[in-house]
Amino acid sequence: MLVALTWKRAEAQDIQFSQFYGAPLFINPAFAGSTHKTRLVFHQRIQWPKLDGKYITSLVSADTYFSKYRSGVGLQVYKDWQGSNTINSTDVSLAYSYEIFLTSKIVVRPGLQLGYISRTLDYSDLSFSYQYDHDGNIAPGYDNGKVRKQFMDLSSGAVIYTENLWFGFAANHINTPNQSFVDGKAPLPAKYSFTAGYQINFRKHDKSTLQEEKQLSLIPTIHYKFQGKSDQTDLGVYGVYDQLISGIWYRGIPGLKRYKRGVQNNESLIALIGWKYNNLAVTYSYDFVVSRLAPARTGGAHEINLTYIFNKRKKIKPMRRMPCPHFYKSF
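Glancing now at the nonpolar core. Generally speaking, soluble globular proteins have nonpolar side chains that are buried together. With 24 residues, the main nonpolar core has Tyr21, Phe26, Leu59 and Tyr238 as its most contacted residues. Of all the secondary-structure elements, those providing two or more residues to this core are helix 1 (24–27), strand 9 (146–161), strand 14 (230–241), strand 15 (244–258) and strand 16 (263–277).

Structure (structure tokens):
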């Protein structure tokens, strides 16, 4: 997340995850219930750990599917700390999705998400003139150097998919809530994102035998997002062999300069490794910084994801399963 503080407002952009499919409700509410099972997710990101201005984000989510109503529901909670906890944010949201079968092979899932966001700006070690009243005391609402802002947030999205291909679109903060800590307006810019991918299977299940072959797949993916004056693309590929998951991505847009300030839009190379065991998948990724921050030795970014899916005995038609990682044939 990028944050710029002024006298009257704070301007910010959303956090971003390298393992974007590891936090499904974060990138698109249409993913609620996408496994047709109950899913629990814990996700942790630590960005630039060697700098004082590091970012730490923890996310927990749970979602499930109700086949009778063709509906998925999900709950997501995440907490974000910036710097030495100078700015922190808590986001709690509910997501709902509904399945629409266009044909026997094409499915559309629209989704909605309603969130509550609370942000705190901690000035415990600093004070400014505008915080004091005429008697020289801290004015009400500043809590001895702490300012809190709370607001509601609305997002929507949709995913269309077949057995091997998917495409998704999401619009976050479509109500552009005012996030100013003091008097004034500082709307949170709407964020728009696109995700797509295709699963290439090198082994097919032989229905004539009872023994299922080990999965061997390559899954090229793309995730593009833009918010305000910032945009970014994650382009890469997953590899799946039986229980092993691996992947590599590039984040940036080659040849494009950010913010019209002459800074190249190159951010990082991302490597991922993971393992699936029974109902649990554990994945770890690391961001290798390739931007102008590289000489600062930031320590890159670490992410770890734990996804647990409760299996149901009900048989699910294969065409209903999404082909993207963490959703399809993972369990």
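Quick look at the packing of aromatic side chains now. A complete count under the given rule lists 17 aromatic pairs for this structure. A ring pair is formed by Phe20 and Trp249, whose centres lie 6.5 Å apart and whose planes are at 70°; its orientation type is edge-to-face. Here Phe20, found in the loop between strand 2 (10–12) and helix 1, pairs with Trp249, found in strand 15; they are 229 residues apart in sequence, far enough to count as distant. When sorted by exposure, Phe20 lands in the same class as Trp249, which is buried. When the ring of Phe26 is compared with that of Tyr78, the centres are 5.6 Å apart and the planes differ by 80°; the resulting orientation is edge-to-face. One end of the pair, Phe26, is in helix 1; the other, Tyr78, is in strand 5 (residues 71–82), and 52 residues separate them in sequence. Of the aromatic side chains, those joined through ring pairs into one cluster are Phe20, Tyr21, Phe31, Trp166, Tyr238 and Trp249.

For side chains of opposite charge, pairing can occur when their charged atoms come near one another. Under the criterion given, the structure shown has nine salt bridges. Of the charged contacts, one joins Asp234 and Lys225 as a salt bridge, the two residues approaching to 2.9 Å between their closest N and O atoms. Judged by relative accessible area, which is 0%, Asp234 ranks as buried. Judged by relative accessible area, which is 11%, Lys225 ranks as buried. Here Arg251 makes a salt bridge to Glu267, at a shortest N to O gap of 3.4 Å. Of the two residues, Arg251 sits in strand 15 while Glu267 sits in strand 16, which places them 16 residues apart along the sequence. Here Glu267 falls in the buried class, since its relative accessible area comes to 17%. One salt-bridge network, held together by shared partners, links Arg45, Lys225, Asp234, Arg251, Glu267, Asp287 and Glu303.

Rules and cut-offs
Residues numbered from 1 in each chain as written. Predicted model: local features only at pLDDT ≥ 70, side-chain atom pairs only at ≥ 80, totals over all residues. Heavy atoms only, no water. Core = buried A, V, L, I, M, F, W, Y, C linked by side-chain atoms within 4.5 Å. Buried < 20%, exposed > 50% of the residue type's maximum accessible area, 1.4 Å probe, protein only. Helix = DSSP H or I, 4+ residues; strand = E, 2+ residues; numbered from the N terminus. Phe/Tyr/Trp six-rings, centres within 6.5 Å; stacked < 30°, edge-to-face > 60°. Salt bridge = Lys/Arg side-chain N within 4 Å of Asp/Glu carboxyl O.

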